[in-house]
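Structure assessment
Now for the letters of each chain:
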Number of protein chains: 2
Amino acid sequence: MSNQEGRAPVLGDASADDCSCLSIAPLGEDESVELARLFKALGDPVRLRLLSMIATRGGGEVCVCELTPAFDLSQPTISHHLKLLREAGLIAAARRGTWVYYRVLPEATDRLAAVLARPEVSEGGRK
Amino acid sequence: MSNQEGRAPVLGDASADDCSCLSIAPLGEDESVELARLFKALGDPVRLRLLSMIATRGGGEVCVCELTPAFDLSQPTISHHLKLLREAGLIAAARRGTWVYYRVLPEATDRLAAVLARPEVSEGGRK
DNA sequence: CGTCTATATTGACAAACATCGATCCAGAAG
DNA sequence: CTTCTGGATCGATGTTTGTCAATATAGACG
């Protein structure tokens, strides 16, 4: 019960692989475990919508009191999903007075986007 | 037991939203359900490595007989993971003789990459 | 036909997960 | 201090998931 949001496994130097991209070199075991944790956090409709609602603020912060009533789910459930997104390193929380505000950590989504991106099919550079 | 791989929910016209991107407009419920199914398929280290091993072939096909021995898992387990990737629309299978070959469907990963991509932070276009 | 080999499917089981109600904690405001 | 409110945590519960051994299917080869 010490630091559950102090972890930043996202930018970690997970592997000295040459490419954090699916289609260049096969993913190593460690890197795949780390990436799978991120993708799993996105593998729920509620969390995807939460992340989207927060990301729409473009760097700004969103109060939890604004997120919770947007779903047909109990307040503990939303809090649980926010915690998973936080533990995955996709969002960060900041308390201000009575309210808690969340913001997106773009490094995480950037990394996933880079993993999924194709490395250019540009000209006929075929072998 | 009719068509379990004939489905291509990936390119579906899931929603008439303006943007299939996280940070422009919040995701709708339907679209988030559909995207979450794709991300969930990537939310497992074994499946990520499988996809990566197939994608490394750059459009080519990979025999299952080449994938299975790369893991410390039973053959049915690998077959199960390949099935999930297939049902998610991320890969497709083709039987040739006794062997089955898998290839990546780039439209799926492209779509996920587009969802995660940031729409350019270019110059100081701040309000 | 029967046999062998490569995948897929089935059934079972433990672990992980999503959800809820109840409760707790942290600040604000009396 | 006490009370109120926003949010997190706890405990329980039903569902999903990852894994395996056993079995089934599909094609090749006698």
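Just so you know, these numbers come straight off a predicted model, no measurement behind them.

Here helix α5 (residues 106-116) of chain A has its buried residues at Ala108(A), Thr109(A), Arg111(A), Leu112(A), Ala113(A), Val115(A) and Leu116(A). For α5(A), the elements touching its buried residues are α1 (29-42) and α2 (45-55) of chain A together with α1 (29-42) and α5 (106-116) of chain B.

Taken as rigid bodies, chain A and chain B are interconverted by a rotation of 180° and an axial shift of 0.0 Å, the fit giving an RMSD of 0.0 Å. Interpreted geometrically, this transformation is the action of a two-fold axis. By C-alpha distance to the rotation axis, the residue of chain A lying nearest is Ala113(A), at 2.4 Å. When you check the interface residues of chain A against chain B, 100% turn up at the interface there too, and the contact is symmetric in its surfaces.

A few words on the packing of aromatic side chains. The description of an aromatic ring pair rests on the distance of the ring centres and on the angle between the ring planes. All told, the structure shown has one aromatic pair over all chains when counted by the stated rule. On the basis of an interplanar angle of 20° and a centroid distance of 6.1 Å, the ring pair of Phe39(A) and Phe39(B) is categorised as stacked. With Phe39(A) in helix α1 and Phe39(B) in helix α1, this pair bridges two chains. Across the pair, Phe39(B) and Phe39(A) agree in class, each one buried. Over the ring of Tyr101(A) we find Arg96(A); its NZ or CZ atom is 4.5 Å from the centre of that ring.

All names here are of chain B. In the contact formed by helix α2 (residues 45-55) and helix α4 (residues 75-87), the axes pass within 10 Å of each other and the chain directions differ by 75°. Here α2 lies roughly perpendicular to α4, going by the angle between them. On α4, the residues that touch Val 46, Arg 47, Leu 50, Leu 51 and Ile 54 of α2 are Ile 78, His 81, Leu 82, Leu 84 and Leu 85. Broken down by class, the residue content of the contact of α2 with α4 amounts to eight nonpolar, one polar and one charged.

Judged by nonpolar contacts, the single largest core of 63 residues is most densely connected at Leu90(A), Ile91(A), Leu82(B) and Leu90(B). Residues in contact with Leu90(A), not counting those within four places in the same chain, are Leu38(A), Ala41(A), Leu42(A), Leu51(A), Leu85(A), Arg103(A), Val104(A), Leu105(A), Ala108(A) and Thr109(A).

With that settled, the discussion passes to the pairing of strand β2 (residues 91-96) of chain A. Residue and element names in this part refer to chain A. Bridge analysis of β2 against strand β3 (residues 99-104) gives six bridges, and the strand direction is antiparallel. Along β3, the bridge assignment pairs Ala 92 with Arg 103. Where β2 folds back onto β3 in an antiparallel hairpin, the turn is made up of two residues, including Gly 97, whose phi is positive at roughly 70°.

All names here are of chain A. Strand order in this open sheet of three strands is β1-β3-β2, and the pairing throughout is antiparallel. The open sheet terminates on both sides in strands that have one partner only, identified here as β1 (62-63) and β2. Direction of pairing for β1 relative to β3: antiparallel, over a ladder of two bridges. Residue pairing in the sheet places Cys 63 in a bridge with Tyr 101 of β3. Relative to β2, helix α4 (residues 75-87) is tilted by about 120°, and along the sheet it contacts β2 and β3.

Pairing between side chains becomes possible if they bear opposite charge and their charged atoms approach one another. Residue and element names in this part refer to chain A. Going through the model one piece at a time under the given rule, you end up with eleven salt bridges over all chains. Among the ionic pairs, Glu 34 bridges to Arg 111, the shortest N-O distance being 2.5 Å. Of this pair, Glu 34 sits in helix α1 while Arg 111 sits in helix α5, and the two are 77 residues apart along the sequence. Per residue, the accessibility class of Glu 34 equals that of Arg 111, and both read buried.

Each value, and the rule that gives it
- Residues numbered from 1 in each chain as written.
- Chains lettered and ligands numbered in written order.
- Predicted model: local features only at pLDDT ≥ 70, side-chain atom pairs only at ≥ 80, totals over all residues.
- Heavy atoms only, no water.
- Buried < 20%, exposed > 50% of the residue type's maximum accessible area, 1.4 Å probe, protein only.
- Helix = DSSP H or I, 4+ residues; strand = E, 2+ residues; numbered from the N terminus.
- Contact = heavy atoms within 4.5 Å.
- Least-squares fit on C-alpha atoms with pLDDT ≥ 70 in both.
- Phe/Tyr/Trp six-rings, centres within 6.5 Å; stacked < 30°, edge-to-face > 60°.
- Lys NZ or Arg CZ within 6 Å of the ring centre and 35° of its normal.
- Axes fitted to C-alpha atoms, helices over the stretch in contact; angles between N-to-C directions.
- Parallel < 35°, antiparallel > 145°, perpendicular 65-115°, else oblique.
- Nonpolar A, V, L, I, M, F, W, Y, C, P; charged D, E, K, R; others polar.
- Core = buried A, V, L, I, M, F, W, Y, C linked by side-chain atoms within 4.5 Å.
- Pairing = 2+ DSSP bridges.
- Salt bridge = Lys/Arg side-chain N within 4 Å of Asp/Glu carboxyl O.

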